[in-house]
Amino acid sequence: MALEQLCDVVQRCQAIKDEGFSPEDYDLFFTAGRTCLEQGNSAQVLSILVDEKNKNIVRCMGWNLLGPLVQILLKKEDKNLPHCHAILSHLLEVCSPKELLVGLLEQVEEADTGSIAETVTLLLKPLQTVLLRLGMKKASSVGMALSTLLSQVARLPVPVTKEQEEDDVFGLCHCCTALLQFVKPFVEEVKEGVKDNNRISKDNELRVELLKFCMKSLSKPLLEVQLKDPDTLLKSPLRDFATEILIILSSIGESLPDLLSRNVLKRREVPGFLEEEVRYPKESLACLSHLLFVDHIAVDIFPAVLSPIFVLQCNMEYIELLLSSLLTNKFYLVEDNSLPVDLLELKTFFSVPQNLVKVMTLCPDQTLRTKGLKVFQLSIDKFNTEAKYKFFKGMLKTSHHAGVEGYIIKNIKNQIDFSLKPCNGNDWFLGKHLLPLLRLVLCLPHGPETDLLQNLDRIMESLNLLRYMLIRDKEWENETGIWTELYKIEDNYLKPLRTGLNMSKAHYEAELKSAKENKKISSKGAIHSSSVCTVTVDNEKLPNMTPEMQIQVLQSAVFTFDLIESVLTRIEEIIETKERPLNVVLF
């Protein structure tokens, strides 16, 4: 029935000249043609379409069959595939390229999640054929096609592990590889223009569309991809894709050093056509920076003569942006207290916080340090109770930074406080599991000789934690186990701390007294009071400073010791008060 209808409408339309077909003709041709294809009559449809008498009909109306034709090709039914491929090839040759482009991109846009990869890879070659038929006027059409394709590819899940990239279940790797083949002739065309003119016009429309493609590829999917080292995955499609994107940028006249330094040099050499922020999105440039300096992609085409300070300056904004992206797009999507302890067995779940510690402690930019700390705390919040416990233990053993250790101890205090509240009890921050963690907290790295100033943050948080627990956890309840452990804490922590504090305070007070006396002598003698002098404390020379600066530094140190002593004394008083009734009974 459908085949007869198709033959009838075609026979009737043969008598119509040029493009005088009515809307009814289009509807009948589409409906009958679709039904024939769906019923498996692709061979008969092919014979009708290739008939020379029907060439004008096919040229005007044939592109309407793209939808049903693509759906049948995606089903991969063997008996129909050869004829359907032949029909598609004939349509690409005869139909208007503009109408074909619209029809093919509609199929890409309408692909559901499960068929994105298959649809994209099926239609890339036909799309390329159509675009090449457009000749010199294809730039905007190339841009439209690339934008549509990348928008769909960006919906595909990104492989995380080596095995996922190898299996490529969702097809992202295959799509990325196919996209590179798709853009190849257009890149070559721009490069040929360079050979002819010895330069690349920044306003070349095709070049601009390829630049937009590269920038969008850097933003998605590459910004979300964790590339594997060649030692881990010898053949990595995603790594190859990243490499080719950088090579394309260089090929179309984009200098990688210039791209990297745009935020520093604030170049606006391309007025009009596209605004700077649109042409060079910061997210894309941040990904470019990561690929160059972290993944070492395309380092052979990046000059090694740039100053490390300049390179660091260029990267600061990108580091901040990547941290912000991680903060807003990743951690906020994860529910608090949801990440299980098993994840800590994965190297990255422990190495990422350690790298954040480097940002927090070594980065010269205050904004970045602050954002690093915020992401660090977010990562802590996402772990469940057992994972937090083991994470804290690991960080106390490996951070080797008093400020970081102090911050971890503050988090431990918060977890203990939470656990002591009604209905929040757990096995990790109360009782027997807590005690080994407290032993890591309440200790001095070098006994009484520990540098108290260098370890100030850790010591103050440790003392505040201990004081809180002694006040909050009553001796007769002893939920934390602190009262059972108290005698060990006194011997191993409080007494060595008191000894070290007395020694340090006496030493600095003597130095302060000597510095004041020297200042009096120098003010009466020939030496001017602003003369530069050196000070030795704990066998280490302080930087050259005036007597006034020297006194100020020493006074600050003594004040710090007073601060430590104030909290330590309060703890000693609490312990003494608790022990006093017991002593009365004994005597």
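Refer to the preceding data block for the structure.
Residues numbered from 1 in each chain as written. Predicted model: local features only at pLDDT ≥ 70, side-chain atom pairs only at ≥ 80, totals over all residues. Heavy atoms only, no water.

1. Quick look at the overall build of the protein chain
From N to C terminus, the protein chain includes 26 helices and two strands. Taken over 587 residues, the protein chain has a buried fraction of 45%. Contacts in the protein chain between residues far apart in sequence, at least 24 positions, make up 73% of those at least 6 positions apart. Of the roughly 30,600 Å² that the protein chain leaves accessible, carbon and sulfur atoms contribute 54%. (Helix = DSSP H or I, 4+ residues; strand = E, 2+ residues; numbered from the N terminus. Buried < 20%, exposed > 50% of the residue type's maximum accessible area, 1.4 Å probe, protein only. Contact = heavy atoms within 4.5 Å. Areas by Shrake-Rupley, 256 points an atom, 1.4 Å probe, with all protein chains shown as cover.)

2. Details of the pattern of salt bridges
Charged atoms that come close allow side chains of opposite charge to pair. Going through the model one piece at a time under the given rule, you end up with 18 salt bridges. The partner of glutamate 189 in a salt bridge is lysine 138, with the nearest N and O atoms 2.8 Å apart. One end of the pair, glutamate 189, is in helix H11 (residues 172-197); the other, lysine 138, is in the loop between helix H8 (116-133) and helix H9 (139-153), with 51 residues separating them in the sequence. According to the relative accessible area criterion, glutamate 189 is partly exposed, its value standing at 30%. Residue classification places lysine 138 among the buried positions, given a relative accessible area of 4%. (Salt bridge = Lys/Arg side-chain N within 4 Å of Asp/Glu carboxyl O.)

3. With respect to the side chain of threonine 148
By the element assignment, threonine 148 lies in helix H9. A polar side-chain atom of threonine 148 sits 2.9 Å from the main-chain carbonyl oxygen of methionine 144. Discounting residues that sit within four places of it in the chain, threonine 148 has contacts with Leu105, Val108 and Glu109. (Polar contact = N/O pair within 3.5 Å; in protein donor to acceptor, adjacent residues only side chain to side chain.)

4. Things to note about unusual backbone geometry
Here lysine 220 and proline 221 are connected by a cis peptide whose omega angle stands at 15°. Along the polypeptide, proline 221 turns up in the loop between helix H12 (205-219) and helix H13 (237-251). The phi torsion at aspartate 168 lies on the positive side, around 50°, for a residue other than glycine. Positionally, aspartate 168 belongs in the loop between helix H10 (162-167) and H11.

5. Brief notes about the nonpolar core
In terms of nonpolar packing, the biggest core is built from 104 residues, with Leu6, Phe29, Phe182, Leu210, Leu218, Leu246 and Leu291 touching the most fellow members. The element best represented in this core is H11, accounting for twelve residues. Not counting chain neighbours up to four residues away, the residues in contact with leucine 210 comprise Leu146, Val183, Phe186, Val187, Val190 and Ile252. Counting residues in hydrophobic clusters, the runner-up holds 72 residues, among them Leu356, Phe392, Leu435 and Leu497. (Core = buried A, V, L, I, M, F, W, Y, C linked by side-chain atoms within 4.5 Å.)

6. Details of the environment of glutamate 110
Secondary-structure assignment places glutamate 110 in the loop between helix H7 (97-109) and H8. In this structure, the C-alpha to C-alpha distance between glutamate 110 and glycine 67, residues 43 residues apart in sequence, is 9.9 Å.

7. Description of the packing of aromatic side chains
Following the criterion strictly, the structure yields nine aromatic pairs and no others. With a centroid separation of 5.6 Å and 35° between ring planes, the pair formed by phenylalanine 383 and phenylalanine 391 is classed as tilted. Taken individually, phenylalanine 383 and phenylalanine 391 each receive the classification buried, so the pair is uniform in this respect. Ring geometry for tyrosine 508 and phenylalanine 561: centres 5.3 Å apart, planes at 65°, overall edge-to-face. Of this pair, tyrosine 508 sits in helix H25 (residues 482-524) while phenylalanine 561 sits in helix H26 (residues 547-586), and the two are 53 residues apart along the sequence. We note that tyrosine 508, like phenylalanine 561, is buried. Taken together, the ring pairs in this structure connect Phe376, Phe383, Tyr389, Phe391, Phe392, Tyr407, Trp428 and Phe429 into an aromatic cluster. Between the NZ or CZ atom of lysine 413 and the centre of the ring of tyrosine 468, over which it lies, the distance is 4.8 Å. (Phe/Tyr/Trp six-rings, centres within 6.5 Å; stacked < 30°, edge-to-face > 60°. Lys NZ or Arg CZ within 6 Å of the ring centre and 35° of its normal.)

8. Things to note about the environment of aspartate 457
Checked against the element boundaries, aspartate 457 lands in helix H24 (residues 456-472). A C-alpha to C-alpha distance of 7.7 Å links aspartate 457 and glutamate 405, two positions 52 residues apart in sequence. With residues up to four places along the chain from it excluded, the contact list for aspartate 457 reads Ala402, Gly403 and Gly406.

9. Section: the packing of helix H20 (residues 366-382) against helix H22 (residues 402-420)
Running from amino to carboxyl end, H20 crosses H22 at an angle of 40°, the nearest separation of the two axes being 12 Å. Both H20 and H22 take part in a crossing whose hand is right-handed. Here Leu373, Phe376, Gln377 and Ile380 of H20 lie close against H22, whose contacting residues are Tyr407, Ile408 and Asn411. Residue composition of the contact of H20 with H22, grouped by class: five nonpolar, two polar and no charged. (Axes fitted to C-alpha atoms, helices over the stretch in contact; angles between N-to-C directions. Left-handed = near helix turned anticlockwise from the far one by under 90°. Nonpolar A, V, L, I, M, F, W, Y, C, P; charged D, E, K, R; others polar.)

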